[in-house]
Amino acid sequence: MKSIKKILWSVWRVWFYVVMLIPILIMLPFLVISILTESGYPYFFKMSRIWAKCVLFGMGFYYKVEKVQKLDRKKSYMFVANHTSMTDIMLMLAVVDNPFVFVGKMSLAKIPLFGFFYKRTSILVDRSCSKSRMEVFDQAQKRINRGLSICIFPEGGVPHDESILLDAFKDGAFRLAADHHLPIVPLIFPDNKKRLSYTFYSGSPGLMRAKMLPPVETVSAAGESLDRKELREQVRNLILNELLEFQKKDSIK
């Protein structure tokens, strides 16, 4: 019985990468056209959302999002969320309407075909290189000037220890948000680790919940940028408390 389960898990895991590629191949000409110019990014973003929803549906996931406050479509924001799975990228695209660009690690650019578009539309950072980290700020400013938002997973990666509910946050997202006066929108993904963690023989189709909290302002009433470390801890506590609340609700079902 265990061997049969492992075989099914293996097929399902491989299918994840297949279902990532199929929508890209179908939309390939339109995706290529949309990245030829900067003005084409909003169209690329719309197709990315279709791709994300196809991947989630293809894996047997269905999502439900609770938005505490409606966002202004004309404003730029910094979107942040807990990071537990590769599906975090898809769920973020599925639930956020405002066009945004990811700030992410360079390793994702190595994924066939997906990486081709990822490295041409996202802001890639080599965290071991100070020059690369500084270039992120310049690239982010260009995107903000075009009316786009930014998305960062502030844990900096998925914790190797899956018992960690929420890892420590890095400063980058909060420094960017404070310097560029971007309101920070915290999102909580309580189910992604259970649905598709980095442990190979794990996961299952089912519900993926998401909760979007009201924006956290990064500018004082006097127009001064707030301290990034205080913002970091404030946002982390908001996300952590929500994760604990989800755990509490699930334990009494």
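None of these values were measured; they are calculated from a predicted model.

Scanning the protein chain for helices and strands turns up eight helices and seven strands. Expected size for 253 residues packed as a compact globule is a radius of gyration near 18 Å; at 18 Å, the protein chain falls within 12% of this value. The C-alpha extent of the protein chain, read off along each of the three principal axes, is 65 × 50 × 35 Å. Pairs at least 24 residues apart make up 74% of the contacts formed inside the protein chain by residues separated by at least 6 positions. As displayed, the protein chain offers around 13200 Å² of accessible surface, 59% of which is attributable to carbon and sulfur atoms.

It is worth spelling out empty space enclosed by the protein at this point. Here the idea is plain: a probe the size of a water molecule rolls over the atoms and shows the empty space left. Throughout the structure, instances matching the rule amount to one cavity of 30 Å³ or more. At the level of elements, helix 1 (2-34), helix 2 (41-58), helix 3 (87-95), strand 3 (100-105) and helix 4 (114-121) are the ones that each hand at least two residues to the lining of the largest cavity. Here the lining of the largest cavity gets five residues from one element, more than from any other, and that element is helix 2. Here the residues of the lining of the largest cavity sort into 14 nonpolar, three polar and no charged.

Right, let's talk about unusual backbone geometry for a bit. The phi angle at His-181 is positive, at roughly 55 degrees, despite the residue not being glycine. Its location among the elements puts His-181 in the loop between helix 6 (172-179) and strand 6 (184-188).

A few words now on the nonpolar core. Ranked by size, the top nonpolar core spans 79 residues in total, and within it Trp-51, Met-78, Phe-79, Met-92, Ile-150 and Leu-187 carry the most contacts. Ranked by residues supplied to this core, first place goes to helix 2 with eight residues. Once residues lying within four places of it in the same chain are set aside, the contact partners of Met-92 are Phe-79, Ala-81, Phe-100, Phe-102, Cys-151, Phe-153, Leu-187 and Phe-189.

Procedures and definitions
- Residues numbered from 1 in each chain as written.
- Predicted model: local features only at pLDDT ≥ 70, side-chain atom pairs only at ≥ 80, totals over all residues.
- Heavy atoms only, no water.
- Helix = DSSP H or I, 4+ residues; strand = E, 2+ residues; numbered from the N terminus.
- Rg over C-alpha atoms; globule rule 2.2 N^0.38 Å.
- Contact = heavy atoms within 4.5 Å.
- Areas by Shrake-Rupley, 256 points an atom, 1.4 Å probe, with all protein chains shown as cover.
- 1 Å grid on protein atoms, 1.4 Å probe; cavity = no way out; pocket = protein on both sides within 12 Å on 5 of 7 lines; lining within 4 Å.
- Points joined across faces, edges and corners; volume = space filled by probe spheres on them.
- Nonpolar A, V, L, I, M, F, W, Y, C, P; charged D, E, K, R; others polar.
- Core = buried A, V, L, I, M, F, W, Y, C linked by side-chain atoms within 4.5 Å.
- Buried < 20%, exposed > 50% of the residue type's maximum accessible area, 1.4 Å probe, protein only.

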